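Overview (structure and organization)
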Amino acid sequence: GAVVVLKDGFYAFDLASGTCAPLAAGLVDAPGIRFNDAKVDRQGRLVAGTIVEDLITADGQLFRLNRDLSVEVLESGIICSNGPCWSPDGDTFYFADTPTRVISAYDYDAATGALANKRLFADTDAFDTAPDGATVDAEGYLWSAFVLTGAVGRFAPDGTLDRTIDVPVDHPTSVAFGGADLDVLYIT
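Now for a quick tour of the structure. These numbers were taken from a predicted model, which means no experiment stands behind them. (Residues numbered from 1 in each chain as written. Predicted model: local features only at pLDDT ≥ 70, side-chain atom pairs only at ≥ 80, totals over all residues. Heavy atoms only, no water.)

Quick notes on the nonpolar core
- Residues Cys85, Tyr94, Ile103, Phe121, Leu142 and Phe155 are the most contacted members of the largest nonpolar core, which totals 13 residues.
- At the level of elements, strand E9 (92-97), strand E10 (102-108), strand E11 (115-123), strand E12 (131-136), strand E13 (142-146) and strand E14 (151-155) are the ones that each hand at least two residues to this core.
- Contact partners of phenylalanine 121, with chain neighbours within four places excluded, come to Tyr94, Ile103, Ser104, Ala105, Leu142, Phe155, Ala156, Pro157, Asp158 and Gly159.
- One finds Phe10, Ala24, Ile33 and Ala48 within the second-largest nonpolar core, a separate group that totals 10 residues. (Core = buried A, V, L, I, M, F, W, Y, C linked by side-chain atoms within 4.5 Å. Buried < 20%, exposed > 50% of the residue type's maximum accessible area, 1.4 Å probe, protein only. Helix = DSSP H or I, 4+ residues; strand = E, 2+ residues; numbered from the N terminus. Contact = heavy atoms within 4.5 Å.)

Take a look at the structure:
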């Protein structure tokens, strides 16, 4: 089986039957709010955030589904959750609230999954774009889909833009590494 994030919460998905059973459903029950982006940390905890579909109101939240299936709210006041990912050592958590055009960094406690010390990592407004889905490479550089400009940006661990790669689509939404050597960047 697998764990999937649907509009209102976390579900167990049975691969054989194709059915879903709620693990933590009903977390989102307001109109115009749904889950948007999610990733799993090295300890097997699923971090997922919501989007407020008007892209104005900051009523969204960032949740963590723990291994014991308990759920915790990590942050509130979010418009559009995107790009959750971790540094290679797992000590830094990155997260974007797309309409604010900001990628934030947090200290991440691997033992508990707690976030602390939120700070600005990168402001994409300077590049006339907004961050969407993201991942971190083996060198600790964060790759972010620039959803407004048809490009992908690579940020150094200090938050400076290292490079921009134009892509043949107007609105790339996420990035992930794959291939036998994890050296192919896949872009949605």
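Moving on from the coordinates now.
Quick notes on the sheet that holds strand E2 (residues 9-13)
- Taken in spatial order, the 3 strands of this open sheet run E1-E2-E3, and their pairing is antiparallel. Taken across any chain shown, the strands that pair with only one partner, and hence form the sheet edges, are strand E1 (2-6) and strand E3 (20-24). With direction set aside, neighbouring strand axes in the sheet form an average angle of 40°.
- Judged from the 5 bridges that link them, E1 and E2 form a sheet pairing that is antiparallel. Residue pairing across strands places valine 3 opposite alanine 12, the latter belonging to E2. (Pairing = 2+ DSSP bridges. Axes fitted to C-alpha atoms, helices over the stretch in contact; angles between N-to-C directions.)

Details of the state of the cysteines
- Applying the stated rule across the entire model yields 0 disulfides.
- As a non-bridged cysteine, cysteine 80 has cysteine 85 as the owner of its nearest cysteine sulfur, 15 Å distant. (Disulfide = S-S within 2.5 Å.)

Focus on the sheet that holds E14
- Taken in spatial order, the 4 strands make up an open sheet running E12-E13-E14-E15, and their pairing is antiparallel. Edge positions in the sheet fall to E12 and strand E15 (161-166), since each has one partner strand and no second. When strand polarity is set aside, the average angle formed by the axes of neighbouring strands in this sheet is 20°.
- Relative to E13, E12 is paired through 4 bridges, and the arrangement is antiparallel. Pairing of proline 131 across the sheet is with phenylalanine 146, part of E13.

Quick notes on the pattern of salt bridges
- Scanning all chains against the criterion turns up 11 salt bridges.
- The salt bridge involving glutamate 72 is made with arginine 64; its shortest N-O contact spans 2.8 Å.
- Exposure remark for glutamate 72: the relative accessible area of 38% places this residue in the partly exposed category.
- Given a relative accessible area of 2%, arginine 64 falls into the buried group.
- Glutamate 75 is paired through a salt bridge with lysine 118; the nearest N and O atoms lie 2.8 Å apart. Of the two residues, glutamate 75 is situated in strand E7 (residues 71-78) and lysine 118 in strand E11; the sequence distance between them amounts to 43 residues. (Salt bridge = Lys/Arg side-chain N within 4 Å of Asp/Glu carboxyl O.)

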